[in-house]
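Summary of structural features
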Amino acid sequence: MNSAMRNVILLRDFLLFRTYLLALCVAVAGTQALFAMGLVEGVKLKEFYYAANIIGGLVFGIGVVLAGGCDSGSMYRMGEGMLGSWAAVYAFGLGAAVTGVGVFSGLRTWLRSFQITVDGDVATLVNLLGWNRWVFVSIAVFFAVLGLVLGKKEKHQKGWGWRASGVGMGAIIPLAWYFSARSEYSFGFTFSGPTANLFTYASAGIPWTIDWGMLALAGVPLGAFIGAIRGREFKWRVSPPPRLIQQFAGGLIMGFGARLAGGCTIGQGLTNSAMLTVGSLVTMVFIVLGAWAMVYIMFMRE
């Protein structure tokens, strides 16, 4: 997502952002279909805490550019042997933990006092517009097919192209909702909460058990390691000290922003946006704006 957001404004290259949009369409179609069929129940939807969503999203976007990757991007780069990403992920967990249960928890609670609901329920496009879920499934499928048909043809490249990547990433989201709900973990695939929980679990035994989200999180660098070995791309790499410090700082900022906003580019930008929650959609918009602002400051300002 860092490269996707950066390339739009810096290079006018929409390839990776198109991949994200395709993934979102697939995720919306699959997730809303599961809900319409009653296969996912009892999940916790993200509230529309507009102040926390906006501020947290902006801060997270800034941190993404500083760290050179979002939290999910940094985690899969851990599996590729990039030690700078290890520093970013450690800092992300630290920032998320102190914002969730530490010194910044009071600020988080206060910002979450500003909330918008729809007739007392979590604000979603479903209850806001009053449309049947199958309408949203149809719209998402239409745009997914349209993108696949009209999208630019790919040049020969190693690995998956944007079409396979978008469909693959999008399909993970409804699968995660389905399996997490059956293990009594009602949050789907997200990074900020489980990362904070891993840190507080290791340091203070809170929460008292390892849950589905924490195990799913641990699978990301493991899966990336397997993919890197199979693709002959694994190599231990160390960032120069100034870059390492910047990645660490970016990770801290991301963790802070993600816990304020209630999620990251995956948790809010895909998992909960697939639920059509208004807060998640707003958060993702401000993550992109924050990233663009930092790209301008770091790479484009004269």
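Above this note sits the structure.
Just so it is clear, the model here is predicted, and its values are computed rather than measured.

**Comments concerning the packing of aromatic side chains**
Per the counting criterion, the structure on display carries 16 aromatic pairs. When the ring of W110 is compared with that of F114, the centres are 5.3 Å apart and the planes differ by 85°; the resulting orientation is edge-to-face. Given the relative accessible area of 51%, W110 is considered exposed. One aromatic cluster in this structure is built from Y185, F187, F189, F191 and W212. The aromatic ring of W162 is capped on one face by R18, whose charged end is 5.1 Å from the ring centroid. The ring of Y178 carries the charged tip of R182 above its face, separated from the ring centre by 3.8 Å.

**A word on the layout of surface pockets**
Counted as a void, the largest pocket has a volume near 1700 Å³. Around the largest pocket sit 42 residues that line it, and Y76, E80, W160, S165 and M169 are the ones nearest its centre. Taken together, the elements giving at least two residues each to the lining of the largest pocket come down to α1 (2–10), α2 (15–36), α4 (71–79), α9 (162–182) and α11 (212–230). A per-element tally of the lining of the largest pocket places α11 first, with 7 residues. Tallied by class, residues from the lining of the largest pocket come to 21 nonpolar, 17 polar and 4 charged. Approximately 350 Å³ is the volume found for the second largest pocket. For the second largest pocket, the lining is made up of 20 residues, of which K46, R108, R112, F187 and G262 are closest to its centre. Secondary-structure elements contributing two or more residues to the lining of the second largest pocket are α10 (192–204) and α12 (241–261). For the lining of the second largest pocket, the element with the highest residue contribution is α10, accounting for 4 residues.

Here is what the cut-offs are and how they apply
- Residues numbered from 1 in each chain as written.
- Predicted model: local features only at pLDDT ≥ 70, side-chain atom pairs only at ≥ 80, totals over all residues.
- Heavy atoms only, no water.
- Phe/Tyr/Trp six-rings, centres within 6.5 Å; stacked < 30°, edge-to-face > 60°.
- Buried < 20%, exposed > 50% of the residue type's maximum accessible area, 1.4 Å probe, protein only.
- Lys NZ or Arg CZ within 6 Å of the ring centre and 35° of its normal.
- 1 Å grid on protein atoms, 1.4 Å probe; cavity = no way out; pocket = protein on both sides within 12 Å on 5 of 7 lines; lining within 4 Å.
- Points joined across faces, edges and corners; volume = space filled by probe spheres on them.
- Helix = DSSP H or I, 4+ residues; strand = E, 2+ residues; numbered from the N terminus.
- Nonpolar A, V, L, I, M, F, W, Y, C, P; charged D, E, K, R; others polar.

As far as function goes, none of this settles anything; it's purely spatial.
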